[in-house]
Amino acid sequence: GYNTVSNLVDDMNCTCENNTNECHDNRNEMRRKMMKEIKCLSFAIVELAEYLDTHPDDQKALCLHREYTNKLEDVKSWISYANKDLLTDFLSGLE
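Keep in mind that what you see is a predicted model, and the values were worked out from it rather than measured. (Residues numbered from 1 in each chain as written. Predicted model: local features only at pLDDT ≥ 70, side-chain atom pairs only at ≥ 80, totals over all residues. Heavy atoms only, no water.)

## Considering the overall build of the protein chain
Along the protein chain, the regular secondary structure elements total four helices and zero strands. When the helices and strands of the protein chain are listed from N to C terminus, the series reads α-α-α-α. Here the protein chain holds 95 residues, and 26% of them are scored as buried. Once local pairs closer than 6 in sequence are excluded, the contacts in the protein chain between residues at least 24 apart make up 54%. (Helix = DSSP H or I, 4+ residues; strand = E, 2+ residues; numbered from the N terminus. Buried < 20%, exposed > 50% of the residue type's maximum accessible area, 1.4 Å probe, protein only. Contact = heavy atoms within 4.5 Å.)

## Some points on the nonpolar core
Across soluble globular proteins, you tend to see nonpolar side chains buried next to one another. Met-34, Met-35, Ile-38, Leu-41, Ile-45, Leu-72, Val-75 and Ile-79 form the largest nonpolar core, which has eight residues in total. Secondary-structure elements contributing two or more residues to this core are helix H2 (20-54) and helix H3 (59-82). A per-element tally of this core places H2 first, with five residues. (Core = buried A, V, L, I, M, F, W, Y, C linked by side-chain atoms within 4.5 Å.)

## Things to note about the pattern of salt bridges
In this structure the tally under the stated criterion is two salt bridges. The shortest N-O distance in the salt bridge between Glu-29 and Arg-32 comes to 3.0 Å. Of this pair, Glu-29 and Arg-32 both sit in helix H2, three residues apart, roughly one helical turn. (Salt bridge = Lys/Arg side-chain N within 4 Å of Asp/Glu carboxyl O.)

## Notes on the environment of Lys-76
Looking at the element boundaries, Lys-76 is found in helix H3. A relative accessible area of 21% means that Lys-76 is categorised as partly exposed. The spatial distance from the C-alpha of Lys-76 to the C-alpha of Glu-37 is 9.8 Å, given a sequence separation of 39 residues.

## Observations concerning the confidence of the model for the protein chain
Looking at the protein chain, pLDDT values average 77 and 62% of them are 70 or higher. Confidence scores differ between elements of the protein chain, with helix H1 (residues 5-12) showing the lowest mean pLDDT of 52 and H3 the highest of 89. (pLDDT = per-residue confidence, 0-100.)

## Re the environment of Asn-70
When you line up the elements, Asn-70 lands in helix H3. Between the C-alpha atoms of Asn-70 and Leu-41, which are 29 residues apart in sequence, the distance is 9.8 Å.

This is the structure:
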């Protein structure tokens, strides 16, 4: 989940000396997890926005939308820091 983003980035930046295949596999798994996090948050943000179109006074939904938007920005920042190419590829796929 969201609380593990910094741990995922740390794992992606591992420096395995003896087994580079294991390290490469670990980085790929971490990338998949981070991409899943982005997709889930993006989906939730869009769905909440659509709900808020018809329920603009729902404070709980507004709060969740704000929270998920902030989390998404945090995840994107970490990914950008850890692997700029991954974020660029993902964002270009959204267009």
